[in-house]
Structures are given as structure tokens and as C-alpha cells.
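Residue strings, one per chain:
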Amino acid sequence: MKKFTFKGVLDGFRSSVGTSGPNQSSKTYEQEISETLKADHFSVTKTFCHGFPYQPTAIAYDPVQRLLVIGTKSGCLRLLGRPGVDLSSRHDPECGAVLHLQFVWNEGMLVSATSDDSLHLWNFRLKKPTVIQSLKFQRERITCLQLPFQSKWLFVGTERGNVHIVNTDTFQLSGYIINWNKAIELSRKTHPGPVVYLGDNPIDPNKLLIGFETGQLVMWDLRNKCAEMRFQASEPLRSLSWHSDGKQFMSAHADGSLVTWNVRQSPKPISVTWPHSRNTKEGRAEPCKSIQKVEWKSSKIGDNFVIFSGGLTVDRAGRTPSLTVIHGKTTTVLEMEHNVLDFVVLSDSTWESELQDPYGIVVLLQQDLVVIDLLTPGYPCFENPYPMDIHESPVTCCIYLADCPGDLIPAFYSVGSKTQKKSGFSDRDWPINGGQWGSTSCSYAEIIITGHADGSLKFWDASSTNLQVLYKVKTSKPFERPKKSRSTETMEEDPFAVCDIALCPESRYLAVAGASCQILLFKFKKHEHTSETAVIEIPIIYEVDDLGGSGFDFVKMGESSGKGNNPDYFCPIRPKVGLQKKSPGYQVELICLTPWVDGEPPGAISTLAVNSSYGLMAYGNEAGLVVVDIFQKIALFNVGTPDLYGTADPYQRAPKSPKKPDITDEKSPTDQVELVDSFLDNAQKLEQTPNNTPVDDQSLTSSGSTIENNIEVGSVSEFEEEKFLDVPEIPKCKSTTPTSTKHRTGKHTWSQVKVLIKKSLGEKKLAQAQTTTVQGPSSSQTIDAKYLSPTIPMICANNEHGQFIVSANASSSEDLSLDETNDEMKVSAERPTDLAIPHPRTTTAKKSVMNVKKSKKSKCMDLRGENSGSLTGLIKKIHKLDTTFARSRSSSMSSLDNITSEAIQCLAFIDCMSRRNDYSVWPTLWVGTSLGSILVISIKLPVAGDARKSEPVLVSPSGTIFRLKGSILAMSFLDCNGILIPGSNEPWKDESREQKAKTPTKSLSAGQSPTQSVDSGNTDRQFAVLVSEKQSRVVALPSQTCIYKQQLCESAFVVKANVTTIKDAVCLVCYMSNGHLTIYSLPSLKLLIDVDFVPLSDLSFQRSRKSGIVDPILSIWGQQLFVNEDTNQIAKTFCLSSFGHGMYLCSPSEMQKFTISADFCQIMDSMLGELYLETEMPEKPKEGFFTGLFGGGVRNLDREELFGESTSGKGAKSVAKVIPGPGSTQMDHLGMRASTIGGEIAKTRMMLVERGDKLGQLEDRTGKMMSDAENFSSTAHQLMLKYKDKKWYQL
């Protein structure tokens, strides 16, 4: 039996209504825009990792393949070859840190030891390194590794002092074990400690040198399984190194000494030296720190090299990390910027038995990778081609631009090569040059811009697999060095740290926000320029008190704000004054400062936007919004966030510090109910009023009640399932910025506006003695001159719709023409247009510097709820507003009824249809706040040309408001075909050349007709995609209909969201706080994929410890919830760009790129370079005739016979357990075995070739000896014949 539900009945009722229902409208839009994206088109994959490996722990080098590998504390591996050959991989998170690394030379394999006492065999013959097998030690901890050249038997030293042997082919443990109690003397009563060194004799592989931590050294005979010789050092051992002759070795100790030993003499040291010790005045040697590692290398052309780290005297060791190179009698100390972790000596020789001739040193530092040139006098460093200096100063924010203009990278590289000339580096080529580049590359240009804590910006070319720095800009250069004072005690440690970046790629305008709330606007110029920088001080502090009204002040730099009641302005940083020489590239044009007010610092800049077509820059913080004209270099708009709502402010504003409430303003519950009843009566009267009939103020007053001055009521209209609300206003908010009584006019003045609010809607009309007429396109309205200030020229109007308009004019005697429209007011079907919006870009000249308009009944469209209530539902909500998602995500916190601040979170300049049912395209600024509101600001631009530089730009709130749950994260716009609408912009022009007439790049840029309309056909032509932390909505324009909605998450929240383009279609990409990456189709907002990407805890290194709330309940479960600034900082370094590309800061020193495009994943393998290349094994050094004759050459050792299963048996299963790796599938295993067999065949073939060469050499030598013997015999015979018949006395 079919089950009937209330929802089904409603659905049937809606379907019977016709085309006016919401479902029908959704079907219409689905028919108009065909969505081509499917789940198969997406594949979330991490692509390239750039930067320095964070917290490195180990390093290894393959001299045959010329590859370098670095292991980290988090278990990551970075394999580096020539520039552009850079691959990364990672152990399982349970493995822990990488402790030791060992290449299997020229085999394409690598052995790693991790902190969980496991050995892992990696295969990097493929494009992506994979673990083939793992060997888990059960009872012992691994302390060192050693793999002899051309050997498959790996020596493993443990913490217990034992030495195990592992077969790298099968990764099985051999039965051959060197126990510590057999290695030491029988008379020793103490444990020798962990094994810290293992190394076979260069000329006799049968001899294995074992070094224990306590200073016990043992020469072990592998064949006889006994200790041949023992040495005992007086200090704890840190490192050992063989000399190439195999007769002596050198040890480094904890007291900073170097000890030389001889294997053929007594077990006493030959020499003991302290390289950095000096005698004090008392004749005692200064104590030295430990030498961590030593390398002893021979040379063909001169003296030996002794290279070691540490060993400095105690007074210098902690302050000066160093590496010491001793060449003959010359000692060179190379000071490092960071602690030395490990180093590797580079040499062309792979056989330890021949002379080494080192040419370089690879030094792994705590924060850098340095390669030193040993062949150039002074030992300079090689210039590092890898992007290892990303973290030179901590990264604070990033932007990622894919498919940027093609001329942008050459321009940056050109100015960067001129301004950043590096010197002091070696002229020789980079020595680590293994691997091979990929066969393909990106067809479009990509740029990454990183902002740093020292105020610098770095521009990187990210088009290929390698990241190359192009250009560097210092934003601190235009400022004087800040001086410490009592007023700046609470100032940021890095006052110039970059907080936000906005770049217009086409016009090359760059806006940067700093930690001291300074905003710098840069303009790109190819040549050097000398000019003065314009500076504006704009306070944007908004507080709540018990007085109504608000004022704004724009103060010229260096001009006093006055005394008395005016607040004290203070800027912790001061720009340089006068003419400044500016280098080619980005040159600062404008600086906007946000001063402290009465010793209180302003809120940090939360968002920033710049538009070259409008010539405007906008930014905001937790207090309000500022709009600046970058052409005229004046401030146009400075408004507290609550003032953007007008009277539709849905929140009760509370002061930051508690104040005593005014009892007279409070109302009893009975009064509140009467107030609501009065509101409903007024709404019924409005329903009965004709649309074209003006509504008097008195008609809004009920005959039995009076609306008090602290609450104003507007109209409510219902559209589909959404509500248009006029929430009662609480006029207790004002900006604390004072209004100066000094009147400034002209180009270089800053306007002042004081908003006057009427006390009641029931006031009688004022006298008409002094009025000023404001002409609109369809109506004329009057302005009450009673409200005009004698010092500040104001124009105020109260129209038939109860609309309140304020405009500051440069001259009170001149008329100001405003374009307005009288829209119809309806209660249920139509929503009122309560605010007069000027037509954009009119040609009428006006001298007004600022135009602020406020409406008593702004249009508020609530998009938060899935189901909307009726008009009577407002009774329950009128005093309990929805602030659940007002940046309070912790489950332990209740909703806040009083809002202390509302930050500007998102800004977007766009040409769109911002007015309801008006198909004209208007220049607008869309503003998203932290409380989920989206407000539309109208912009009126003058004509292009000279008028644009002299005529004012009018900026005013349009009254259109949308509301979502959670903070607004992204706002994008689509056209009727579902194509992303980019912001209008102007192309970059070289000012050094002859200027031509500027041609806008879009049809709706500055200077064109302001009233362009689209052939609507009564259909919506644009779509606004609005995304918050909880929800996403698609609103059709100009009808302002919410056609699609999606609840993005329930328990989690969105950290970053953006609309990107894939396969000529658009989609919404969201990164969630639970680590998932979700992708939705547009405009239908259907979920395409939801994958587990990267946990938010992995990015927690960016969290601010000083801010944010940790949920105590979640802490009990071992989890933490990030709120407030914690995720804001992560969002600043998590970027989503075009074509499905993205990047994020995976560590303080690394950035990880990723893609969601399946097509890009298919070509990524061809972009990746080849790590392993087939290379012939170096020939074994030839022995001299007398060396072989007297038996002094390198001896051979059959390790297979010695350590194999047939001789030594299998290793005990209780010691280590074999774990198959993720790459050990059957095919991989067969391929590995095939490659192993191929390697064995190649070795056999090489040995046969070597044997043939040796036989040929022996045959030649035998023939030479035979010829010499014959010559000797002939000479002897001739000598015998000569003296045969002579007597002895005849000789």
C-alpha cells in the first residue's frame, strides 16, 4: 500500500501550481544549463612538492646515479636529481621518523631505517618510488647501516651491540650474527654500548670494523668469525672513517679529539689531536664540543682531506654551527647559519680502495641544504637550483595563479634578474645532476606568490615540475624602521608581515596588506622611477555605545586630528617622506594606514580586493569596510559593518566591554507583543495599498500603538521558500571615529559624513521652509534642511518609501543629482526596492567626494534555512535572532545573542545585475561577512579619460542583503551559459612608451554606457554562487531567486572554497575541516566526489597559539576543533586555482601542489622526471704489477658463500619479521626478481668481460716477459761468445 506523507502532499500541491513554483524554476534552469561534469572527470592527486624537507634527519648519496635523498622526522623522503627531477614519497605514518638511509648503488633501490625499528626496501626505478618489502625488528633497535659497494648483504648494527646481516634481494635475515659478547674481550665486564659504526676494510672486505659507543673498536674477521684486533679509546666514540690504503683509520670522539689508528701495529693510537683546542693562560687546553662525524679522504694531487662537523670550543660551539676542512696544514672553518645534521663528501671514485679526490661536500643543515665546492679556493658554495629558501622567512599567505598571462613570467624574470644579482657562489655546475627530465610540460603559465613574515613577497614560476624564483619585493622598504615605545608594546613581532595579497594579472596591479594594518598598492613599471608616495590614514574602528549616530573621518598624513574630545591617532609604522628612488618592477603608489585609536590597535585586515577597470581598492577588518580610489588616491567609503545593513541589521550589537544598561530603554514582554501586533497591522495596511501609491509615514503607525525610536519595522515579502526580512533595528551602534569640524575641499581632502537618523517612523512631516530638491529619473524628493550641518554640507532625504539618504557634498550651495527608482512595495509576492541606487558610470560631473546612502527598509534575503516560515513566524524570531553559526563552532559554547564584531571576510568586484528585476549591468562590490551576510555595494563611475581622474566615484550600499549560515568564504558569478564571469580589468600599459587610448578588456569597464541592458526575455541571465562555512546557495539574478541550495557539512565546516574550471565547465571545490575534499557541480550543487584528502591536523603547524578555542569535550576524545584565527591562517595558505589546480603549505618549509583533474593526472607521469637511468658500473681500479706480485692488492670475498642460507642458515624469526610492502604485488615481485636476475646477468657479463680483459692483459704481459727473456738470452749469448776465447787477464 502506498504510504502518504505530508511532504508528498506538499510536493503534489507545488507541482499543480504551475510555472511559478520553485521546482519548476529549477527544472527550467536545468534545461538552460547542461552540466557536463561527471565524477569520472575528477581524480584528487598530489602532484609536486617544493621546498626544503621539514625537520630533516638523514641523508644519502648515490655517486653512480648522482642522486640525493633526504629523510625527515615525519617519514617523508625527497629524491633529488638534476634541477627539475624532484620526487617525494612517504612512509606509512606508523613508521615514524627516518633515522638512516642507504642507497643500493646503481641498482635503483634504497634502504631506509625508521624509528619503529623497521627496514624498508624502496624501488625508484619507476616514476613513483614504492616500498617493496619491510623487515620489522622485534627485540632490537637499529642504530647504523652499512652496505659495501657491489654487495647485496647489508650490515645492520643495533642498540644491543649486535650486528645482523640482511639480503637486499630477498630482504631476509641471514643466520650469520656477530654478537657483542664475542666481539669484546673476555676480560671486559661492561657492555660496549650500541653500535655506532660499521665499515669493511677498503682493501680487505673480510675485515669488518665495528665501533661501539663507549669507544671499543673491534676488527672482525668474517671468515673465521672472530675478533682479529681490538682497540680501546679513552672517550666515547661518535664516528669512524677508513683511509683508502686500508692500513689506518681515524675516529672522532665526544671530547672534540681526532684519533688515528694503525691496523698493523699495536692497538694504541698513532696520534691524538684537538683541531680547535687552544691553551689558556694557565696552560690548560680549552674544552671542546663533540665531533659528530669525520671523513678522511685521499687525493692524487696533494695532501689528504679531513672533514668533520663540530669540535669547536665550548664558548663558540653553541653559537656557531660549523664544518671544518683540513687540507694538509691548512684548516678552514666554514660557519653555517643552522645546525649541521649530516654531510656527504662527493667524489668521482666509487671504490674506496682508490684515491678519492673529493670535489664537493653536501651539507644537510636544520633549515637548508648547502653544497660546498672543494676545487675552488675559499671553498664557495654552489648556487642551489632547488627552491630550498621558501621558508627563509616564515610563509604567512599564498596565492596561486594558473593560466596567467603569458607575458607575466618574462616580465617578472626580467626585473628580478636586474635587481637580484647574486655573488659569492661557485662558477662550476651543480654536481647533483642525476635523472632525466620529463617529456612534456604544462601548456599554460603558473605563478605562485608567497608572502612572508619579514614583509617580503616572492614570485615563483610553477609552470614546470621545478619551482623557480622570479622576483622578490620588500614591502617594508617604503617604511622607516619602527622604534620601540610603550605604545607599541602590544604590536606584532613582525610589523610588516604579509597578511593578504591581491593581484590583477592583466593590469599587474598588486595590493598587499600587512600585520600593522597597512595596505600598499604597487604598480608594475619596467624602469627606475623617482617619486613621492601618497599616504592616507583611514581609521576603521567600530564600537557600540548607548548613543546613536556614526561618523567617519579621513585624515591626511601628517595632519593633526585636533584636541579635546577627538581620539588620539597613532601609527606604529611611518612611511618614508619625500622623493624615493624606486627600482624597476613593482613600485609602491599608495599606502593606506590604519592608525591606533586611543591606544587600541585596529583589527587585522581580513580581506583585500583590487580592480583595475573600476580603479578601486577595497579592504576590511573586524570593524568595517574601506573603499579607496587608486586613481585619485582618496578614500571613498569608510563604514562600520553594521552600517552596511541600514535598519535591516539582524543582530543585537553589544559593546566589547560590558556597560550598565539603560533601564528606560528596556521594554516589558507586553510592550514587545504590542510592538509585534503593531507591525502586523502595518503589514496588512501595506498589502491593501496600491503599488503606485506613495505611503505616508503616518500610515505606518497603528492607531493604538506607537513604534519607539529604538525599533523600526519594514516590510516583509516571501519568495519561494526564502524570506525577505526587515529585522528591527537597534540603533546603538556608531563608529568611534570623530567628525572634524574643519571643512576640507579640493582633490586632496578627505570627506566627512555624519549620519542623522530619525527618531521615529511616526513623526509628523517637518516644515518645508528650507528644502533642497533631489531629482531622480522617475520622481523628485525633498531634503529637510533642518538636518544640514552648518560646517559639513549634507543632503538628507526621506522619500515616500521611508528611505533615508545622506550625501556629503563639496559645496552646500550646489545641487546633487541622484538617480533613483520607485519600485513597487508588496508584502507577499514582491519585495520593495527601498534604496535609491544611482545609475552606474553616468556622465554627469559631480564634486561630491563621498556618497553614503542608508535605507530604513533594506532588502534582506534569508538563505539559511531549508524551510521558510510564514510572516507570523517573525514573532518568535524578532528578539531571538539566529547567530548559531556566527564563528562559534565549539560544541561547548552556546549561541551568542549579542554580537561584538562582524568582520569583512570576502570581497568581489563584479559587473552584475544587482537590482531585482532590473536587467541593467551595474558595477558592484559584493561584501561577505563573518556572520554569514552578503551585502551589495553599488558603484557609480564617471566617464573614462581625464574625467575619471577628477570626477568623484559614488559608492553606496544598495540595500540587497543575503544571509547564509557561517562565515562567507567565496562569491563567484556565472553567466546564462554557466560560464564563470571574470572581473573586469584593464590591460597593462608600458608608461615609458607613447600612451595610446586605453581600450577596456571587457564591454562593461570604465567609461562606457552606464545603462547597458541585456535582452532578458523575462529570464535570469546571471547566477551568483555564494559559499559559507556551512552552506552554498546559487541565486539567480536579477530576480534574486535561490534556485539551488546545498548543506555542505553538518558537524564539520568548510575551511576553503572556490569555483574552478574543469573541461570548460565550472564546479565548486571545498576543503573541509575533517580533511575531506568535496566537489559540487554548478549550478545544481550536486555532489560529484567526496574524498579524504589531508587531515587538518597535518596543517596545524600554522595555528596561532594565542588565539582560538579548544573544545574541552573533544579534547577528552583526543581531538581538537579549530576555530577563529586557527583555520583562517590555514585558509591563507590553501589555494585553489583554475583547471582544478591547487596548492597548500604542507609544512613550514614545503608547499604541496595537487590537482582534481583526471586529464592532468594522465599526463602527469610524462611530466615527472626519471630518477633511475641505466648506467654502467665503474671499473674496478687496476692493480700495479708489483702490487699483484707481492700480494698487496684488493682481496676478494665470496659473501654469498659466507652469509648464504647454505652456510649460515636462516635468521631467527623472533629477531625480525618480513612485512610485504604496498609495492610487493605478484607482478611487481616478478618484475623485481626479473630486474634482480637481469642485474645478476649484467654483473656476470661484466665479470666475464673483466676476466677477458685480465686474461688479455696477462697474455700481453706473458708475451712481453717472453720477449724480454729472449732478448736477455740473446744478449747473454752474445756476451758469452765475445768473451769465450779470452783469458781472464785479457778482460
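Please refer to the structure placed before this passage.
Predicted model only: the values in this text are computed from it and were never measured.

### Observations regarding the sheet that holds strand 23 (residues 305-310)
Phase 1: Read across the sheet, 4 strands follow the order 22-23-24-25 without closing on themselves; strand pairing throughout is antiparallel. In this open sheet, the two edge strands, each paired with only one partner strand, are strand 22 (291-297) and strand 25 (330-335). Each strand axis lies, on average, 15 degrees off the axis of its neighbour in the sheet, ignoring direction.

### A short note on helix 11 (residues 1158-1167)
Phase 1: For helix 11, every residue scored as buried is listed here: A1158, F1160, C1161, M1164 and M1167. Seen along its axis, helix 11 keeps its buried residues to an arc of 150 degrees; they face one direction.
Phase 2: Against the buried residues of helix 11 lie strand 1 (42-51), strand 74 (1141-1147) and strand 75 (1150-1157).
Phase 3: The N-terminus of helix 11 is capped by S1157, whose side-chain oxygen sits 3.4 Å from the backbone nitrogen of D1159.

### Focus: unusual backbone geometry
Phase 1: The amide bond that connects L1037 to the next residue, P1038, takes the cis arrangement and shows omega of 10 degrees.
Phase 2: Turning to its location among the elements, P1038 is positioned in the loop between strand 67 (1031-1037) and strand 68 (1041-1047).
Phase 3: P1083 follows L1082 through a cis peptide bond whose omega is 5 degrees.
Phase 4: Along the chain, the position of P1083 falls in the loop between strand 71 (1076-1081) and strand 72 (1087-1092).
Phase 5: For D117, which is not a glycine, the phi torsion comes out positive at approximately 65 degrees.
Phase 6: Turning to its location among the elements, D117 is positioned in the loop between strand 7 (109-114) and strand 8 (118-123).

### Let's talk about the sheet that holds strand 74
The strands making up a sheet associate through backbone hydrogen bonding, with each pair oriented either parallel or antiparallel.
Phase 1: In space, the 4 strands of this open sheet follow the order 1-75-74-73, with antiparallel pairing throughout. In this open sheet, the two strands that pair with only one neighbour each are strand 1 and strand 73 (1134-1136). Averaged over all neighbouring strand pairs, the angle between strand axes comes to 20 degrees, with direction disregarded.
Phase 2: Sheet strands touched by helix 11: strand 1, strand 74 and strand 75. Its angle to strand 1, the strand with the most contacts, is close to 40 degrees.

### Brief notes about the environment of H527
Phase 1: Here H527 lies in the loop between strand 35 (518-525) and strand 36 (529-531).
Phase 2: Judged by relative accessible area, which is 48%, H527 ranks as partly exposed.
Phase 3: Distance in space between the C-alpha atoms of H527 and Q587 is 9.9 Å, their sequence separation being 60 residues.

### Description of the pairing of strand 22
Phase 1: Of all 7 residues making up strand 22, 5 are buried, and the element is well covered by its neighbours.
Phase 2: Bridge count between strand 22 and strand 23: 6 bridges; the pairing is antiparallel. Bridge pairing links K297 to F305 in strand 23.

### Topic: helix 5 (residues 408-419)
Phase 1: Between its first and last C-alpha, helix 5 extends 17 Å over 12 residues, near the 16 Å set by a 1.5 Å rise per residue.
Phase 2: For helix 5, every residue scored as buried is listed here: L408, I409, A411, F412, V415 and G416. When helix 5 is viewed along its axis, its buried side chains cluster within an angular range of 160 degrees and face the same direction.
Phase 3: Structurally, helix 5 contributes buried residues whose contacts are with strand 29 (395-404), strand 30 (445-452), strand 31 (456-461), strand 32 (468-474), strand 35 and strand 43 (585-593).

### Some thoughts on the packing of aromatic side chains
Phase 1: A complete count under the given rule lists 35 aromatic pairs for this structure.
Phase 2: Relative to Y1144, the ring of F1093 has its centre 5.7 Å away and its plane inclined at 80 degrees; by these criteria the two rings are edge-to-face. Of this pair, F1093 sits in the loop between strand 72 and helix 9 (1112-1116) while Y1144 sits in strand 74, and the two are 51 residues apart along the sequence. Accessibility assignment for this pair places F1093 and Y1144 in one class, buried.
Phase 3: Seen from the ring of F1093, K46 lies directly overhead, with NZ or CZ sitting 6.0 Å from the centre.
Phase 4: The aromatic ring of W988 is capped on one face by R508, whose charged end is 4.0 Å from the ring centroid.

### Regarding the pairing of strand 26 (residues 340-347)
Phase 1: Of all 8 residues in strand 26, 7 are buried; the element is thus mostly enclosed.
Phase 2: Across 7 bridges, the pairing between strand 26 and strand 27 (residues 358-365) is antiparallel. Bridge pairing links L346 to G360 in strand 27.

### A few points about the pattern of salt bridges
Phase 1: Using the criterion set out here, one finds 27 salt bridges in the structure.
Phase 2: Note that K458 and D389 form a salt bridge whose closest N and O atoms lie 3.8 Å from each other. You can see K458 sitting in strand 31 and its partner D389 sitting in the loop between strand 28 (369-373) and strand 29, a full 69 residues away along the chain.
Phase 3: Residue K581 pairs with E528 through a salt bridge whose shortest N-O separation is 3.6 Å. Of the two residues, K581 sits in strand 42 (residues 580-582) while E528 sits in the loop between strand 35 and strand 36, which places them 53 residues apart along the sequence.
Phase 4: Each of K293, E295, K297 and D342 takes part in salt bridges that share partners, so that together they form one network.

The rules behind each value
- In this numbering scheme, every chain counts its residues from 1 along its sequence in written order.
- In keeping with the predicted nature of the model, local features appear solely for residues at pLDDT of at least 70, side-chain atom pairs appear and are counted solely at 80 or more, and the whole-chain, interface and lining totals rest on all residues.
- Each side-chain value is worked out from all heavy atoms of the structure, with water and hydrogens disregarded.
- One bridge is not enough; two strands pair if DSSP finds at least two bridges between them.
- Counting from the N terminus, the helices are DSSP H or I runs at least four residues long and the strands are E runs at least two residues long.
- Lines fitted to the C-alpha atoms define the axes, with helices restricted to the stretch that makes contact. Angles between their N-to-C directions range from 0 to 180 degrees.
- Using a 1.4 Å probe on the protein chains alone, a residue whose accessible area is under 20% of its type maximum counts as buried, one over 50% counts as exposed, and one in between counts as partly exposed.
- Think of the arc as the fan of directions from the helix axis to the C-beta atoms.
- Any two residues whose heavy atoms approach within 4.5 Å are treated as being in contact.
- In protein, a polar contact requires one atom able to donate a hydrogen and another able to accept it; more generally it is a pair of N or O atoms within 3.5 Å, and residues adjacent in sequence count only if both atoms are side-chain atoms.
- One fewer than the residue count of a helix, multiplied by 1.5 Å, yields its expected span.
- In this scheme Phe, Tyr and Trp rings, the latter by its six-membered ring, pair at centre separations within 6.5 Å, and the angle between planes marks the pair as stacked below 30 degrees, edge-to-face above 60, and tilted otherwise.
- A positively charged side chain is recorded as over a ring if its NZ (Lys) or CZ (Arg) lies within 6 Å of the ring centre. The angle to the ring normal must also be within 35 degrees.
- We define a salt bridge as a side-chain nitrogen of Lys or Arg found within 4 Å of a carboxyl oxygen belonging to Asp or Glu.

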